[in-house]
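Analysis of the macromolecular model
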Amino acid sequence: NAGPRWKIYPVSYFNTVNLFFDEILTGGGVLTVLADLFSYLIARIRYMRYRKEYEMNEYRNGLTAALAHDLKTPLAAISGYAENLIANVHTEKRETYAESILKNTQYIDRMIADTLDLAKIEKAAEVSSEQCNIEKIIKDSLVHFSDEIQAKEMIVKLDGSGAVKANPQMMAQMISNLIGNAVRYTPEKGTIEIN
């Protein structure tokens with residue numbers, strides 16, 4: 001008998017990994033994606049929080065610098081008028097000097113109140129905006145600096161009008177700062193043009 005000695009029979013066996021490979025891969029993949037998504041969300045929330053803190057610190061630093069700059073103009077005027085009163089210079093203007101000192105003191109008081117309001121706004125995280133008449137704000141600011149303008153015999157030309165949606169107090173403070181700089185750095189008998 002020349003037939004084969006051995007006969008090969010197929011053997012099946014139970015292999016858990018092979019049997020459930022697709023299910024494990026799919027389940028593990030979903031878990032991995034969920035873990036990655038969760039990690040991304042946590043990182044994003046932390047990033048946004050740290051970024052907000054950084055921006056708030058930058059805002060505070062900018063506000064402090066702006067406030068210090070804005071206070072220089074009225075303080076310089078108060079100082080100058082007080083020196084004139086002490087030295088009895090231009091005694092005929094004593095009442096004008098006293099009025100200007102009072103006006104600048106009130107201006108500083110308003111600025112401090114506005115800064116405190118900004119701190120409240122910062123906590124509320126919203127700044128109210130409304131239509132602001134730029135021409136009126138400029139004219140009000142020019143009235144505030146009228147004594148210095150007259151003392152330096154300057155000419156002020158205002159051309160145009162307009163409105164903008166903004167926070168009125170912030171807009172008034174910004175314009176007052178610009179006009180204060182113009183008054184301070186324009187030479188005597190010079191001209192300030194506002195367009």
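Our structure's up above, just so we're on the same page.
These numbers were taken from a predicted model, which means no experiment stands behind them. (Residues numbered from 1 in each chain as written. Predicted model: local features only at pLDDT ≥ 70, side-chain atom pairs only at ≥ 80, totals over all residues. Heavy atoms only, no water.)

Here we take up the overall build of the chain. A count of helical and extended segments in the chain gives six helices and four strands. From first element to last, N terminus to C terminus, the chain shows the α and β order α-α-α-β-α-α-β-β-α-β. Residues classed as buried in the chain amount to 22% of the 195 residues present. The long-range fraction of contacts in the chain, counting pairs at least 24 apart against all pairs at least 6 apart in sequence, stands at 81%. (Helix = DSSP H or I, 4+ residues; strand = E, 2+ residues; numbered from the N terminus. Buried < 20%, exposed > 50% of the residue type's maximum accessible area, 1.4 Å probe, protein only. Contact = heavy atoms within 4.5 Å.)

To continue, consider the packing of aromatic side chains. Tallying each qualifying case throughout the model produces one aromatic pair. Considering the side-chain rings of Tyr81 and Tyr97, the 5.2 Å spacing of their centres and the 25 degrees angle between planes classify their relative orientation as stacked. Residue Tyr81 is located in helix H2 (residues 21-87), and its partner Tyr97 is located in helix H3 (residues 94-124); the two are separated by 16 residues in the primary sequence. No difference in accessibility class separates Tyr81 from Tyr97, as the two residues are buried. For the cation-ring pair, Arg49 lies above Tyr50, with the distance from its terminal atom to the ring centre recorded as 4.9 Å. (Phe/Tyr/Trp six-rings, centres within 6.5 Å; stacked < 30°, edge-to-face > 60°. Lys NZ or Arg CZ within 6 Å of the ring centre and 35° of its normal.)

What follows deals with helix H6 (residues 168-185). Because each turn of an α-helix spans 3.6 residues, side chains separated by three or four positions end up pointing in the same direction. When the terminal C-alpha atoms of H6 are compared, their 26 Å separation across 18 residues agrees well with the 26 Å that a helix rising 1.5 Å per residue should span. Restricting attention to buried positions, one finds in H6 the residues Pro168, Met171, Gln173, Ile175, Ser176, Ile179, Gly180 and Val183. Two or three places before Gln169, at the start of H6, stands the capping residue Asn167, its side-chain oxygen 3.2 Å from that residue's backbone nitrogen. (Expected span 1.5 Å × (residues − 1). Polar contact = N/O pair within 3.5 Å; in protein donor to acceptor, adjacent residues only side chain to side chain.)

Further remarks concern the nonpolar core. Formed by 14 residues in total, the largest nonpolar core has its most connected members in Ile138, Leu142, Ile149, Ile175, Ile179, Val183 and Ile194. Residue assignment for this core shows that the elements contributing at least two residues are helix H4 (134-144), H6 and strand E4 (191-194). Top contributing element to this core by residue count: H6, with four residues. Among residues more than four places away in sequence, those in contact with Ile179 are Ile138, Ser141, Leu142, Phe145 and Ile194. (Core = buried A, V, L, I, M, F, W, Y, C linked by side-chain atoms within 4.5 Å.)

This part is about H4. For H4, the set of buried residues is Ile137, Ile138, Ser141, Leu142 and His144. Taken down its axis, H4 places every buried residue within 150 degrees of arc, on the same side. One side-chain oxygen at the N-terminal end of H4 lies 3.0 Å from the backbone nitrogen of Glu135; it belongs to Asn133. (Arc of directions from axis to C-beta.)

Turning our attention to the packing of H4 against H6. Where H4 meets H6, the closest approach of the two axes is 9 Å, and the angle between their N-to-C directions is 50 degrees. The angle between H4 and H6 falls in the class oblique. Helix-helix and strand crossings are classified by hand; for H4 and H6 the assignment is right-handed. For the pair H4 and H6, contact is made by Ile134, Ile137, Ile138, Ser141 and Leu142 and by Met171, Ala172, Ile175, Ser176 and Ile179, respectively. Residue classes in the contact of H4 with H6 are distributed as eight nonpolar, two polar and no charged. (Axes fitted to C-alpha atoms, helices over the stretch in contact; angles between N-to-C directions. Parallel < 35°, antiparallel > 145°, perpendicular 65-115°, else oblique. Left-handed = near helix turned anticlockwise from the far one by under 90°. Nonpolar A, V, L, I, M, F, W, Y, C, P; charged D, E, K, R; others polar.)

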